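Residue-level structural notes
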Amino acid sequence: MMTSQGQHKVIVTKFGGSSLADAGQFRRVRDILLQDPARLYVVPSAPGRRFSGDDKVTDLLYRCHALQSQGQDFSEPFEKLSDRYREIRDELGLSVDLEGELSHIRDKISRGADAHYCASRGEYLNGLLLADFLGWRFMDAAKVVFFKEDGVFDSEKTNVVMMALLADGINTVVPGFYGVMPDGLVHTFSRGGSDITGAIVSRAVRADAYENWTDVSGFLMADPRIVENPREISRITYAELRELSYMGATVLHEDAMFPVHKVGIPTIIRNTLKPDHPGTLISLSLPVEPMAPTVTGIAGHRGFSVVAVEKAMMNAEIGFGRKVLQIFEESGISFEHMPSGIDSLSVVVSGDALAPHREEIVRRIAEEVQPDTLTIHDHMSIIATVGRGMVSNCGTAARLFSAMSRAGINVRMIDQGSSELSIIVGVDDCDFEKTIQAIYQEFVG
Ligand code: ASP
């Protein structure tokens, strides 16, 4: 397939753990890859659950490491995970030297390999098997994904090396989730990190699209446990998804957006079990569709605390906000939102993060900025209603608040993101679900 500039199209695919959990899934993956010759690169996760209650190979590997570091025998989880790979190898008739690889890994774990190394082997082995099955080149992620000494991902070095080694248009398998540190030790991203590898490969090979294949058909407008049969989101911008991060993280690792967002490569969430479903397209900019609902999605979270500080003439006191935020910073608490008025400022933080520092924070705010009042409101939910069409549609806020008022919900806090992409409301935790339902009903029906 050609692009509009007459070049060959390049697609990077990433398959999640459930998409590669057994031999049957491997076959599905091969069918998907062969359907479009533009699908040149594939990033596999480690085998995930085949049924509810099943183990994820990555969890078994972490267990091997935990047992070994307590001086205990790790044979049981190790044999379990080895059998998962053996089954795939045997059913697909693969010739890769799996036993050799397994005994090398077992040996390294017994000699005290760290948790990063242990966990990374899930993707490494799955990548070897998949490359053998497809007859594609295998590129060890430890050769092309780099971390700095402090464990932070080194995006520029990775991009340069990966571009040199991979952007030759040869079909390649790059295992997800791990890379290498300057001292040569393997290092992993946080859980779910194969999504990040997929995005990094997409950037390096200048892909036209990054397809992230998983076990759902993309994003839904609201959590199906709260709203019955919510509509699917067919198109969403990266900025909207970021505003909906409470919802996004479960389908796509949050850090997987940056490498592709930066260079304008669209991400498409697809379902391995329903390959004909178009999924959700995430891109840099999208037109506002005239027939689409004003709202793209609604997502929220419970369990926040709002620390509200009031002081007359606060607006004239230079450094007031900085001093308050510094107190949170020094306790290691990041803030989620910060709505403010002329004489008031509220800092919204996770209730769990606040709990251990509560007294110290109250004492320091009282001492350092001498507020007139200082109140903490716990058990608050934050709900973001997001849509690129909201700016151009007047009356969105009025509709949202009247829907909440009709449902008898007390709005405790309002924050309209400066991007004008979202309206954020704070309500008591007991009103969390009712709020999402009322907003969904109003805008989607
Ligand atoms: N296998 C790793 C995990 O379970 C990474 C991934 O699947 O993306 O977290």
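Here's what I pulled together on the structure shown here.

About the thresholds
Residues numbered from 1 in each chain as written. Predicted model: local features only at pLDDT ≥ 70, side-chain atom pairs only at ≥ 80, totals over all residues. Heavy atoms only, no water. Pairing = 2+ DSSP bridges. Helix = DSSP H or I, 4+ residues; strand = E, 2+ residues; numbered from the N terminus. Axes fitted to C-alpha atoms, helices over the stretch in contact; angles between N-to-C directions. Contact = heavy atoms within 4.5 Å. Buried < 20%, exposed > 50% of the residue type's maximum accessible area, 1.4 Å probe, protein only. Right-handed = clockwise from strand over helix to strand, strands pointing away. 1 Å grid on protein atoms, 1.4 Å probe; cavity = no way out; pocket = protein on both sides within 12 Å on 5 of 7 lines; lining within 4 Å. Points joined across faces, edges and corners; volume = space filled by probe spheres on them. Nonpolar A, V, L, I, M, F, W, Y, C, P; charged D, E, K, R; others polar. Phe/Tyr/Trp six-rings, centres within 6.5 Å; stacked < 30°, edge-to-face > 60°. Lys NZ or Arg CZ within 6 Å of the ring centre and 35° of its normal. Left-handed = near helix turned anticlockwise from the far one by under 90°. Core = buried A, V, L, I, M, F, W, Y, C linked by side-chain atoms within 4.5 Å. Near = heavy atom within 4 Å. Polar contact = N/O pair within 3.5 Å; in protein donor to acceptor, adjacent residues only side chain to side chain. Areas by Shrake-Rupley, 256 points an atom, 1.4 Å probe, with all protein chains shown as cover.

All right, on to the sheet that holds strand β11 (residues 297-310) then. Spatially, β12-β11-β13-β15-β14 is the arrangement adopted by the 5 strands of the open sheet, whose pairing is antiparallel. Since the sheet does not close on itself, it has two edges, and those belong to β12 (344-350) and β14 (413-416), each with one partner. For this sheet, the mean inter-axis angle between neighbouring strands, taken without regard to orientation, is 35 degrees. Bridge analysis of β11 against strand β13 (residues 373-386) gives 11 bridges, and the strand direction is antiparallel. When the sheet's bridge partners are listed, Gly 300 is paired in β13 with Ile 383. Relative to β13, helix α13 (residues 358-369) is tilted by about 110 degrees, and along the sheet it contacts β11 and β13.

Among the 5 residues that make up strand β1 (residues 11-15), 5 are buried, leaving the element largely enclosed by the rest of the structure. Here β1 shows a buried face lined by Ile 11, Thr 13 and Phe 15 and a second buried face lined by Val 12 and Lys 14. The sheet contact formed by β1 and strand β2 (residues 39-44) spans 5 bridges and is parallel. Residue pairing across strands places Val 12 opposite Tyr 41, the latter belonging to β2. Handedness of the crossover is the feature at issue here: the chain leaves β1, passes through helix α1 (residues 23-35), returns alongside β2, and the resulting connection is right-handed.

With that settled, consider the layout of surface pockets. Empty space left among the atoms is revealed by rolling a probe the size of a water molecule over them. The computed volume of the second largest pocket comes to approximately 290 Å³. In this structure, the second largest pocket is lined by 18 residues; those nearest its centre are Arg 235, Ala 292, Pro 293, Val 295 and Arg 388. Residue composition of the lining of the second largest pocket, by class: 8 nonpolar, 5 polar and 5 charged.

So, on to the packing of aromatic side chains. Aromatic ring pairs are reported here in terms of the distance separating the ring centres and the angle at which the planes meet. Across all of its chains, the model carries 7 aromatic pairs by this definition. Seen in terms of ring centroids, Phe 147 and Phe 153 are 6.2 Å apart; in terms of plane orientation they differ by 70 degrees. Their pairing is edge-to-face. In this structure Phe 147 comes out as buried when scored by relative accessible area, which is 4%. Judged by its relative accessible area of 21%, Phe 153 falls in the partly exposed class. An aromatic cluster of at least three residues, connected via ring pairs, comprises Phe 147, Phe 153 and Phe 189. Sitting above the plane of the Tyr 124 ring, Arg 121 keeps its charged end 4.3 Å from the centroid.

Attention now moves to the packing of helix α6 (residues 155-166) against helix α7 (residues 194-204). Direction vectors running N to C along α6 and α7 enclose 65 degrees, while the axes themselves pass 8 Å from each other. Relative to α7, the crossing made by α6 is right-handed. Between α6 and α7, the residues in contact are Ser 155, Glu 156, Thr 158, Asn 159, Met 162, Met 163 and Leu 166 and Ile 200, Val 201, Arg 203 and Ala 204, respectively. Partitioning the contact of α6 with α7 into residue classes produces 6 nonpolar, 3 polar and 2 charged.

Time to look at the nonpolar core. Formed by 112 residues in total, the largest nonpolar core has its most connected members in Leu 130 and Val 201. Element by element, the count of residues in this core is highest for helix α5 (residues 115-134), at 11 residues. One finds Met 314, Val 347, Ile 361 and Ile 365 within the second-largest nonpolar core, a separate group that totals 15 residues.

In this section: the site of the ligand. Every residue lining the ligand is accounted for by Ser 45, Thr 58, Glu 123, Phe 177, Arg 191, Gly 192, Gly 193 and Ser 194. Note that an oxygen atom of the ligand is positioned 3.2 Å from one of the side-chain N or O atoms of Ser 45. Backbone polar atom of Gly 193 to an oxygen atom of the ligand: 3.3 Å apart, as the coordinates give it. Protein contact buries 90% of the 260 Å² of open area that the ligand shows by itself.

The 8 strands are arranged β3-β4-β2-β1-β7-β9-β10-β8 in an open sheet whose pairing can be described as mixed. Edge positions in the sheet fall to β3 (137-138) and β8 (235-237), since each of these pairs with one other strand and no more.

Here the focus is empty space enclosed by the protein. Inspection of every chain in the model, using the stated rule, returns 1 cavity of 30 Å³ or more. In this structure, the largest cavity spans a volume of roughly 40 Å³. Taken together, Ala 21, Asp 22, Ala 23, Arg 50, Arg 84, Glu 87 and Ile 88 make up the full set of residues lining the largest cavity. Within the lining of the largest cavity, the residues separate by chemical class into 3 nonpolar, no polar and 4 charged.

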